[in-house]
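The residues making up each chain are set out below.
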Amino acid sequence: MSILIDANTRVIVQGITGRDGSFHTEQMIQYGTKIVGGVTPGKGGQTIFDVPVFDSVKDAVAATGADVSVMYVPAKFAKAAMLTAAEAPLKMLVVITEGIPTLDVLEAYEALTAKGIRMIGPNCPGLITPGQCKVGIMPGPIHKPGRIGVISRSGTLTYEIVKELTEAGLGQSTCIGIGGDPIIGSKFVDLLPLFEKDPDTDAVVIVGEIGGQDEVVAAEYFQKHMKKRVVGFMAGLTAPPGRRMGHAGAIVGGEDDTAASKIAKLESAGIPVAKVISEVVKLIEK
Amino acid sequence: MKIHEYQAKGLFREYGIPTPDGQAVRTADEAVAAAEAMGLPVVLKAQVHVGGRGKAGGVKVVTKQEDVGPTAEKILGLTIKDLPVRQLLVTPAADIAKEVYLSILIDRGARKAVFIGCADGGVEIEVTAKEAPEKILRLEVPAAHLATAKGLEFHNFTAKLFSHADQAAQAADIMAKMARLFVEKDCSLVEINPLIVDGKGKVVALDAKVLLDDNALFRHPELVALRDMDSEDADELNAKEEGLSFIRLDGSIGCMVNGAGLAMATMDTIKHFGGDPANFLDVGGSSNPKKVVTAFKMILKDPNVKVILINIFGGITRCDDIARGILASLEEFEVPVPIIVRLIGTNEAEGRALLEGTELISAATLEQGATKAARIGGTA
């Protein structure tokens with residue numbers, strides 16, 4: 001088992017004929033993901049990597065029975081693409097695109113949520129259930145099937161941590177990059193309950209950073225509702241206040257959203273936080 | 001992106017939100033002329049991108065014409081929270097019968113666009129929110145509805161801020177206009193603190209603060225033009241244009257990393273092992289060797305840099321492209337400090353092979369690289 005995606009997940013790709021979309025479609029197919037269709041308005045009827053292309057998400061889902069869409073559409077066109085996804089009977093939309101205007105994300109999030117469609121991202125690497133299904137852009141080979149769940153606001157930092165886990169023999173049930181934007185479709189607290197319920201996950205790693213209060217909310221949830229072990233890593237201890245550190249959502253606005261404040265709150269809730277990446281494995285094994 | 005009060009008030013006028021007249025000036029002479037034309041008393045307000053201007057002496061009421069020049073001179077000589085004051089807003093002093101707080105912003109936690117109101121205006125809203133949260137009013141508005149919201153919808157909200165029905169109606173109309181400005185200009189904050197009732201019973205935005213969403217600037221060239229180049233670091237802006245994300249810090253270890261989270265973690269790890277990072281630098285997702293050359297130039301502009309740590313976890317970024325960028329840089333200019341390189345992930349073998357025979361110091365892990373960097377760079 002795993003959460004959100006597995007070997008049976010049927011995936012369509014929005015923006016499949018674009019540069020990033022086509023590159024990562026091929027990578028996902030090579031990993032074993034069931035890519036059943038693609039969407040590029042105006043290119044319906046074509047095929048790419050033997051995958052049929054449709055004009056709309058609705059058409060694609062109707063023809064293929066897809067339950068997940070992953071989006072590589074450029075930021076300028078992302079709002080329309082996200083809103084058309086909300087019109088189809090999907091279970092989940094994964095938005096890889098970086099740099100989408102926040103109000104566009106908010107409007108799409110509201111539309112998707114109203115239809116019961118889960119949103120992951122934007123500005124994220126996607127998610128992977130190792131050995132079964134990869135929906136996103138992360139390098140497949142660093143992952144290994146296993147019993148650790150990973151939820152992260154970051155991309156490459158997550159790869160570092162996953163690689164450490166894999167090298168220590170700790171495989172992963174599902175790894176989810178939730179994204180570095182101020183508004184994201186799924187936060188730590190939206191996903192922790194799924195891992196808590198998953199019989200094949202033993203422990204969860206949460207990788208957070210400066211900005212917002214999502215890690216603190218997750219710590220409160222953990223304290224009240226979770227029995228499984230959760231360990232953390234927080235990036236940005238050395239980040240100066242008031243500066244946006246690459247991610248649109250990574251900015252210290254006050255005293256509550258610094259890395260130091262989050263680490264203190266996580267630890268007091270019972271989530272040990274690693275000081276360096278190699279410590280994550282030690283904390284899980286403790 | 002931050003804009004100045006006078007620019008925010010310009011947007012208010014565009015959207016029909018009542019706000020006092022005013023003129024932005026750069027010199028004391030211009031302030032004198034502006035005050036003369038307006039008539040005394042006037043308020044001189046420092047235009048800088050920080051809060052707490054009043055406390056720092058950056059906002060002064062002037063009642064006599066002969067005092068305008070010296071007061072303007074004094075404010076223009078101030079540096080508020082490290083930012084030199086280069087512009088003043090000259091505006092007529094208002095009669096204040098009542099003041100409240102009103103804003104619309106994106107609430108990350110609730111994932112909503114939210115109006116915030118408080119019957120105590122002119123105060124620091126963050127302080128009130130902590131000390132007397134019951135005084136804070138909230139009203140969520142669906143994002144798709146912001147552009148078409150009508151004043152009538154907000155009467156219940158403003159009736160809690162204004163006891164006078166006519167004033168509540170004026171404020172509700174202002175809220176509808178704020179909602180439209182918020183969505184049409186892609187703001188992350190529109191704040192009026194204080195929103196006042198003047199001597200004639202008119203509801204007026206005495207102050208204005210607008211923050212713009214950087215991600216949306218591509219569709220607002222008119223707002224990009226408002227950027228105050230004096231308040232920005234030229235290198236950081238230049239980096240953005242080249243597709244890099246760069247922030248200068250005051251340590252001695254230059255950093256070049258792919259990914260924002262990993263870039264922060266790299267800085268933290270350097271600090272953990274006793275070093276001090278000289279910058280935050282994310283070379284971004286795609287791997288163009290030219291970006292590496294630009295990154296080197298940015299880092300080396302800082303004379304404090306004693307060593308450079310390059311930490312790349314290849315995913316979309318290919319290690320061989322990064323290696324090519326490093327070689328191109330070494331060919332193009334002299335790098336006078338040691339370079340520590342840690343390359344892993346996509347095409348790492350190709351990348352390492354390219355760098356063989358160079359004088360670069362290699363590291364197997366981030367922690368090893370950071371330890372070496374801290375040893376060479378020392379503490380700042």
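Residues numbered from 1 in each chain as written. Chains lettered and ligands numbered in written order. Predicted model: local features only at pLDDT ≥ 70, side-chain atom pairs only at ≥ 80, totals over all residues. Heavy atoms only, no water.

Novice: Which parts of the structure should I look at to understand the overall build of chain B?
Specialist: Helix and strand counts for chain B come out as 13 helices and 18 strands. Counting only C-alpha atoms, chain B reaches 80 × 50 × 40 Å along its principal axes. For chain B, the proportion of its 380 residues judged to be buried stands at 53%. Intrachain contacts of chain B at a sequence separation of at least 6 include 69% that bridge at least 24 residues. For chain B, the accessible surface area stands at approximately 16,200 Å², while carbon and sulfur atoms represent 51% of it. (Helix = DSSP H or I, 4+ residues; strand = E, 2+ residues; numbered from the N terminus. Buried < 20%, exposed > 50% of the residue type's maximum accessible area, 1.4 Å probe, protein only. Contact = heavy atoms within 4.5 Å. Areas by Shrake-Rupley, 256 points an atom, 1.4 Å probe, with all protein chains shown as cover.)

Novice: I would appreciate a short explanation of the pattern of salt bridges in the present structure.
Specialist: Residues and elements named next belong to chain B. Applying the stated criterion across every chain yields a total of 40 salt bridges over all chains. In this structure, the salt-bridge partner of K177 is D173, at a minimum N-O distance of 3.0 Å. Taken together, the positions of K177 and D173, both in helix α6 (residues 165-184) and four residues apart, correspond to about one turn of that helix. A single network of salt bridges, built from pairs that share partners, joins E5, K9, K45, R53 and D207. (Salt bridge = Lys/Arg side-chain N within 4 Å of Asp/Glu carboxyl O.)

Novice: What am I meant to see in the sheet that holds strand β7 (residues 118-120) of chain A here?
Specialist: Residues and elements named next belong to chain A. Pairing in this open sheet of seven strands is mixed, and the strands run β3-β4-β2-β1-β5-β6-β7 from one edge to the other. If you trace the sheet from one side to the other, it starts and ends with β3 (47-48) and β7, each paired once. Taken together, the four bridges between strand β1 (residues 10-14) and strand β5 (residues 68-71) define a ladder with parallel strand orientation. Residue pairing across strands places V11 opposite V68, the latter belonging to β5. Across the sheet, helix α2 (residues 57-64) is in contact with β1, β2 (34-39) and β4 (51-54); its angle to β1 comes to roughly 155°. (Pairing = 2+ DSSP bridges. Axes fitted to C-alpha atoms, helices over the stretch in contact; angles between N-to-C directions.)

Novice: In this structure, what is going on with helix α6 (residues 188-197) of chain A? I would like to understand it.
Specialist: Residues and elements named next belong to chain A. If you check which residues of α6 are buried, you get F188, L191, L192 and F195. The buried side chains of α6 occupy one side of the element, clustering within an arc of 115° when seen end-on. Next to the buried residues of α6 lie β7, β10 (145-152), β11 (172-177), β12 (203-209) and α7 (214-225). (Arc of directions from axis to C-beta.)

Novice: Where do I start with the sheet that holds β10 of chain A in this structure?
Specialist: Residue and element names in this part refer to chain A. Read across the open sheet, the seven strands follow the order β9-β8-β11-β10-β12-β13-β14; overall the sheet is mixed. Every other strand in the sheet has two partners, leaving β9 (133-136) and β14 (273-274) as the edge strands with one partner each. Sheet analysis places strand β8 (residues 126-129) next to β11, joined by three bridges and oriented antiparallel. Of the residues in β11, the one forming a bridge with I128 is C175.

Novice: Before we go on, may I ask you to explain the state of the cysteines in this structure?
Specialist: Between two cysteines, a covalent bond joining their sulfur atoms is known as a disulfide. Residue and element names in this part refer to chain B. For the structure on display, the rule yields zero disulfides over all chains. Sulfur of C255: no disulfide; nearest cysteine sulfur belongs to C319 and is 17 Å away. Since its relative accessible area comes to 1%, C255 is described here as buried. (Disulfide = S-S within 2.5 Å.)

Novice: I keep staring at the packing of helix α11 (residues 319-332) of chain B against helix α12 (residues 348-355) of chain B and nothing clicks. Help me out?
Specialist: Angle between the axes and distance between the axes are the two parameters that describe a pair of packed helices. All names here are of chain B. For the pair α11 and α12, the least separation of the axes is 7 Å and the interaxial angle reads 20°. Between α11 and α12, the angle is such that the two are roughly parallel. Handedness of the crossing formed by α11 with α12: right-handed. Counted together, C319, D320, A323, R324, I326 and L327 of α11 and E348, E350, G351, L354 and L355 of α12 form the full contact between these two elements. For the contact of α11 with α12, the class distribution of residues is six nonpolar, one polar and four charged. (Parallel < 35°, antiparallel > 145°, perpendicular 65-115°, else oblique. Left-handed = near helix turned anticlockwise from the far one by under 90°. Nonpolar A, V, L, I, M, F, W, Y, C, P; charged D, E, K, R; others polar.)

Novice: Can you walk me through the interface of chain A and chain B in this structure?
Specialist: Quoted interface sizes are often the accessible area lost when the parts come together. Each side of the interface is counted separately: chain A has 55 residues, and chain B has 50 residues. With both sides pooled, the region where chain A packs onto chain B buries about 4,000 Å², and carbon together with sulfur makes up 61% of that total. Along the contact surface separating chain A from chain B lie six salt bridges. A salt bridge links D104 of chain A to R219 of chain B; the nearest nitrogen and oxygen atoms lie 2.8 Å apart. Inspection of the chain A/chain B interface yields 19 residue pairs in polar contact (both at pLDDT 80 or more). Among the elements that make up the side of chain A that touches chain B, the one with the highest residue count is helix α4 (residues 102-114) of chain A (seven residues). For the side of chain A that touches chain B, the residue count by class is 25 nonpolar, 15 polar and 15 charged. (Buried area = accessible area lost by both parts, 1.4 Å probe. Polar contact = N/O pair within 3.5 Å; in protein donor to acceptor, adjacent residues only side chain to side chain.)

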